[in-house]
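# What the coordinates show
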Amino acid sequence: MGATPRVVVVTRPTEYEQLLAVHGTHGQAAFFLDRRGQNVAPVQARHDRREQARQLVLAGIPSAWRRANISRNELDRFLFGPEDVIVAVGQDGLVANVAKYLDGQPVVGINPDREEFEGVLVRHDAKDAAELVSLAAGGSCQVEHRGMVQASTSDGRTLTALNEVFVGHRSHQSARYELAVGDATERQSSSGVVVVSGTGATGWGRSIHLGRRSTLELPLPVERRLAYFVREAWPSVATGTELVEGHVSDVHSLMLTSRMEDGGVVFGDGVEADHLTLGWGEVVTIMPAARTLRLVIG
């Protein structure tokens, strides 16, 4: 007999919770906003909708099952088990936040506020959570295997992301490096390199793609293929601007050799605090990750 399933409910602090953490009480938070011509009521209403969804999810977990209720801030310290079913209650980015810490566990995305969150990754309503969790625990749910991005340094450090990986200078000033994709190489100075998955192609990758009116075919969420974009490459006698976008695959990975004395970083999904450092001469290789996000879709 297998282990009793555990449902791990993940949320992130709401705006209202952050206000209370700073100001202590509802009254003090309301006073703070009022002095700035703002109203606490809509902030609390959004928090209440999230809380109602979270409580509905928790109520739908069978009483005999184990459960954990954690914040996004605890993800890097939480030990996920192979029998876990993850329920992310919040915005789409919360699924990306949790994905890097998983290894095949199914994820159910619950959208607590359809007026606020688009729902690309958090597709389901809280009222459907009980059924979806039961199906996921029994292995009978329909899942979408979404490709991820992996960055590996020459000294063995790794970082995995669902949406994208950024390589550049921590201050977002000019980064100097040598870029290699397949057989092509180029020395560059730019605002950094963004490598996106099919999921990231609906976010930051799409923004870059539209902004430069690119004709590059973006990857689909279920593809292992990635796309890379060099941000604001600077042409000079020493640096070029030919390799500014293209595809990355298992066959053609992207390799970047740092020419930065300090400040070189690699981070994923916009979380700059969780990064790898790159010194002069260090190499980072970016390619499709071996593991995928198992997103429950039905």
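Summarised in this report is the structure supplied together with it. These figures come from a predicted structure and were not determined experimentally. (Residues numbered from 1 in each chain as written. Predicted model: local features only at pLDDT ≥ 70, side-chain atom pairs only at ≥ 80, totals over all residues. Heavy atoms only, no water.)

## With respect to the overall build of the chain
Looking only at helices and strands, the chain features six helices and 18 strands. In summary, the chain has a C-alpha radius of gyration of 21 Å against a globular reference of 19 Å for 298 residues, a match within 12%. Here the C-alpha coordinates of the chain stretch approximately 65 × 60 × 35 Å along the principal axes. Looking at the chain as a whole, 49% of its 298 residues are labelled buried. Counting contacts in the chain only where the partners sit at least 6 residues apart, residues at least 24 apart contribute 68% of the total. Entry remark: accessible area of the chain is about 14300 Å², with carbon and sulfur atoms responsible for 49%. In the chain, 30 side chains carry a positive charge and 36 a negative one; their mean positions are 2 Å apart. (Helix = DSSP H or I, 4+ residues; strand = E, 2+ residues; numbered from the N terminus. Rg over C-alpha atoms; globule rule 2.2 N^0.38 Å. Buried < 20%, exposed > 50% of the residue type's maximum accessible area, 1.4 Å probe, protein only. Contact = heavy atoms within 4.5 Å. Areas by Shrake-Rupley, 256 points an atom, 1.4 Å probe, with all protein chains shown as cover. Lys, Arg positive; Asp, Glu negative; His and termini not counted. Charge placed at Lys NZ, Arg CZ, Asp CG, Glu CD.)

## Some points on the sheet that holds strand E18 (residues 293-296)
If you walk across this open sheet you meet the six strands as E2-E1-E3-E4-E18-E5, and the pairing is mixed. Of all the strands in the sheet, the pair left with one neighbour each is strand E2 (66-71) and strand E5 (143-146). Strand-to-strand twist of the sheet, defined as the mean angle between neighbouring strand axes without regard to direction, takes the value 30°. Relative to E18, strand E4 (residues 106-110) is paired through two bridges, and the arrangement is parallel. In the strand pairing of E18, Val107 is matched with Leu295. (Pairing = 2+ DSSP bridges. Axes fitted to C-alpha atoms, helices over the stretch in contact; angles between N-to-C directions.)

## Focus: the pattern of salt bridges
Under the criterion given, the structure shown has 19 salt bridges. Linking Arg46 and Glu15 is a salt bridge whose minimum nitrogen-to-oxygen distance equals 2.9 Å. Of the two residues, Arg46 sits in helix H3 (residues 40-59) while Glu15 sits in helix H1 (residues 15-23), which places them 31 residues apart along the sequence. By relative accessible area, which is 45% here, Glu15 ends up partly exposed. Two residues, Arg54 and Glu51, come together in a salt bridge whose shortest N-O distance is 2.7 Å. Of the two residues, Arg54 and Glu51 both sit in helix H3, three residues apart, roughly one turn of that helix. Glu51 matches Arg54 in its accessibility class, with the two residues each being buried. Three or more residues joined by partner-sharing salt bridges are found here, namely Glu17, Arg50, Glu51 and Arg54. (Salt bridge = Lys/Arg side-chain N within 4 Å of Asp/Glu carboxyl O.)

## Things to note about helix H4 (residues 92-99)
With seven of its eight residues buried, H4 lies for the most part within the structure. Buried within H4 we find Asp92, Leu94, Val95, Ala96, Asn97, Val98 and Ala99. On its buried face, H4 is in contact with strand E1 (6-11), strand E3 (84-89), E4 and E18.

## What to know about the nonpolar core
Of all hydrophobic cores here, the largest spans 25 residues; its most connected members are Val165, Leu179, Val195, Tyr228, Leu254, Leu256 and Ile286. With four residues, strand E9 (residues 175-181) is the single largest residue contributor to this core. Residue contacts for Leu179: discarding those within four places in its chain leaves Ala184, Thr185, Glu186, Gln188, Tyr228, Val230, Leu243, Leu254, Met255 and Leu256. Counting 22 residues, the second largest nonpolar core, distinct from the first, contains Ala68, Leu94, Val95 and Met148. (Core = buried A, V, L, I, M, F, W, Y, C linked by side-chain atoms within 4.5 Å.)

## Observations concerning the sheet that holds strand E11 (residues 193-196)
Taken in spatial order, the six strands make up an open sheet running E13-E12-E11-E8-E15-E16, and their pairing is antiparallel. Edge strands, defined here as strands with exactly one partner in the open sheet, are strand E13 (245-248) and strand E16 (275-278). When strand polarity is set aside, the average angle formed by the axes of neighbouring strands in this sheet is 20°. Inspection of the sheet shows strand E8 (residues 164-169) paired to strand E15 (residues 264-268) by five bridges, in the antiparallel sense. By the bridge assignment for E15, Val165 is matched with Gly268.

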